[in-house]
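# An overview of the molecular structure
Listed here are the chains, written in short residue letters.
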Number of protein chains: 2
Amino acid sequence: MENNFPSREDINNAHQQISPFIHCTPVLKSSAINEMLGLEVFFKCENFQKIGAFKIRGATNAVLKLSEEEKKYGIATHSSGNHAQAIAYSAKVNHIPAYIVMPKTAPKVKVNAVKGYGAKVVMCEPNLQAREEGLKKVVEDTGARFIHPYNDYEIISGQATAAKELIEQTDVLHIIMAPVGGGGLLAGTALSAHYFSPQTKVIAGEPKGADDAYQSFKAGSLIPSDKPNTIADGLLTSVGEKNFPIIQKFVEDIITVSDEEIVAAMRIIWERMKIIIEPSSAVPFASLIKIKENFQGQKAGIILSGGNVDLGKLPF
Amino acid sequence: MENNFPSREDINNAHQQISPFIHCTPVLKSSAINEMLGLEVFFKCENFQKIGAFKIRGATNAVLKLSEEEKKYGIATHSSGNHAQAIAYSAKVNHIPAYIVMPKTAPKVKVNAVKGYGAKVVMCEPNLQAREEGLKKVVEDTGARFIHPYNDYEIISGQATAAKELIEQTDVLHIIMAPVGGGGLLAGTALSAHYFSPQTKVIAGEPKGADDAYQSFKAGSLIPSDKPNTIADGLLTSVGEKNFPIIQKFVEDIITVSDEEIVAAMRIIWERMKIIIEPSSAVPFASLIKIKENFQGQKAGIILSGGNVDLGKLPF
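A brief structural summary.

## Topic: the sheet that holds strand β4 (residues 98–103) of chain B
Residue and element names in this part refer to chain B. Judged by pairing direction, the sheet is parallel, and its four strands sit side by side in the order β5-β4-β3-β6 without closing on themselves. Of all strands in the sheet, those with a lone pairing partner are β5 (120–124) and β6 (145–146), marking the two edges. Contacting β3 (75–78), β4, β5 and β6, helix α7 (residues 128–142) crosses the sheet at an angle of about 170 degrees to β3.

Take a look at the structure:
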């Protein structure tokens, strides 16, 4: 490849390295859902993953790629979501320090989860500028390495292993669908399909209220989100610079769905499959419901990205 | 055996007969829960079973045991819960008629589910007398065979297959825990442990607000519930006459838990395992939390009986 995208070997290597630290999550099917859609759907259950989300794959890969010198100083990030837990957990497992800058407004349960993994939490004002400044100071003070949640090839190679496993666990799929926020999971999914199942098309699902990937994909250049607003709180970020060219090259299409469609899709999965997924996870399934006529009788894989919901604030 | 309890052969036979019609449900573990309790817990996930609950096991066995003559006239029951769906679904799969007497107050979603399986629904007033009279009339009018939800050896043999599978799917367990309402699942579990893993003790969990099994077990004779009231709505019924002697003989102990303990246990399973269980399913786990000190370092199996909850009425 003429670019420096992660190679087949990078993803194979990431998978081999991180496997002792992650679950090979199950692939579930539902005959009720298959009947409802008229196609066969294979759900890759990253909601059952360590920390309840795929993010531990990329974080673990990034940590394992550090030099012994870098490990001494540890890792840092700013996040109030699954990436914070992923960084904290993978640091714990690998016995290195972790520093997480979190907005004051982050739910206490998430702050406690991160602290529970032994990470040092630095509180800041709830805006991007304060988060970035807080992180800069932490990095200067500690020498920790900043691990970006998605705009990073090690992260992309790690997230790619979810689709790689899905491909290994199923017969040939006609399509694989993944959600898109910053683009770590989507870029990884697209690369894995390209290398390990080239006949499989990758289609992304994105919330209408945070549709920068869709807009950028159609325009052919990066257009960041302006005031994104969606119930799929894992997908509020805009696509990264390293992620976008991979998405442009290897993703077939991006489908957008409303919050109502996301909640309806989430409800079907909760009720029919009896598994807990977070709103962001329901986005590709909501998208598949929208385009199901194009894939009647075919096989579709869906990456259920995570299951971390606040049970006190459910949308039902 | 000197009694006419279902034999080892009855349960083996039931399992062989019903296997093509049911799921062999997975057994899941959670390292977070194991750490929390100090023992190793194996969850048998009947929430992933057809119709979302173990009840399809007994209902299918009862249907398959009917003569060709009986099949012509079909089956009937009164229920507003999982047994109604189990009877309707197993009748559909076996192409026989089904008649379900349901109280007017039953949630529309459950009535529609039963009708969706092609069963004829007969509405009645919401009290036991009206339900029994409604059922009597249906049986007289149609010649259908009444299938009792638990006070029936074919039902008990069918429900026994859940524990039989759990035993086959795990190493030797020190205890197996099941909830008790009418006693179909508990009696079946106790028989399967007795026949297939005699070193395993069976312990029941029961809601304090419907503790007739506990009272009966301690008194040595059947004492039906008086105005039972618990969030575990699948366990409101009193233990059956055929179930009680089996429970007396083969169950080690019955632990009672408050609704608060049930909801707390349910929340742990939802949050840590990302699976949906109904309140009745959380009763044995709540009971295990209570007696965990007695089983430190040991292996416990728990039958998660079902996952049919109304998402609009969650206790969180």
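That covers the picture; the talk isn't over yet.
## A short note on the nonpolar core
In terms of nonpolar packing, the biggest core is built from 74 residues, with Phe43(A), Trp270(A), Leu288(A), Phe43(B), Trp270(B) and Leu288(B) touching the most fellow members. In this view, Leu288(A) contacts Leu37(A), Leu39(A), Val41(A), Ile175(A), Met177(A), Ala300(A) and Ile302(A); residues no more than four positions away in its chain are not counted.

## So, the environment of Gln17(A)
Residues and elements named next belong to chain A. Relative to the assigned elements, Gln17 resides in helix α1 (residues 8–18). In sequence terms Gln17 and Leu64 are 47 residues apart; their C-alpha atoms lie 7.5 Å from each other. Dropping the residues within four chain positions of it, Gln17 is found in contact with Leu64 and Lys65.

## What to know about the relation of the copies chain A and chain B
Once chain A is rotated about the relating axis by 180 degrees and shifted along it by 0.0 Å, it coincides with chain B to within an RMSD of 0.0 Å. The transformation relating the two chain copies, once decomposed into turn and shift, fits a two-fold axis. Relative to the rotation axis, the C-alpha of Ile275(A) is the closest in chain A, positioned 2.1 Å from it.

## Some points on the sheet that holds strand β3 (residues 75–78) of chain A
All names here are of chain A. One open sheet accounts for four strands, arranged β5-β4-β3-β6; its pairing is parallel. Because the sheet does not close on itself, it has two edges, and the strands there are β5 (120–124) and β6 (145–146). Taken together, the five bridges between strand β4 (residues 98–103) and β5 define a ladder with parallel strand orientation. Opposite Pro103, over in β5, you have Cys124 as the bridge partner.

## So, the environment of Gln169(B)
All names here are of chain B. Among the structural elements, Gln169 can be located in helix α8 (residues 153–169). Residue Gln169 is classed as partly exposed on the basis of its relative accessible area of 33%. Along the chain, Gln169 and Ile289 lie 120 residues apart, while their C-alpha atoms are 23 Å from each other. Once you skip the residues sitting within four places of it in the chain, Gln169 turns out to touch Cys24, Thr25, Pro26, Val27 and Lys44. At 2.9 Å, the side chain of Gln169 forms a polar contact with the backbone oxygen of Thr25.

Cut-offs used in this document
- Residues numbered from 1 in each chain as written.
- Chains lettered and ligands numbered in written order.
- Predicted model: local features only at pLDDT ≥ 70, side-chain atom pairs only at ≥ 80, totals over all residues.
- Heavy atoms only, no water.
- Pairing = 2+ DSSP bridges.
- Helix = DSSP H or I, 4+ residues; strand = E, 2+ residues; numbered from the N terminus.
- Contact = heavy atoms within 4.5 Å.
- Axes fitted to C-alpha atoms, helices over the stretch in contact; angles between N-to-C directions.
- Core = buried A, V, L, I, M, F, W, Y, C linked by side-chain atoms within 4.5 Å.
- Buried < 20%, exposed > 50% of the residue type's maximum accessible area, 1.4 Å probe, protein only.
- Least-squares fit on C-alpha atoms with pLDDT ≥ 70 in both.
- Polar contact = N/O pair within 3.5 Å; in protein donor to acceptor, adjacent residues only side chain to side chain.

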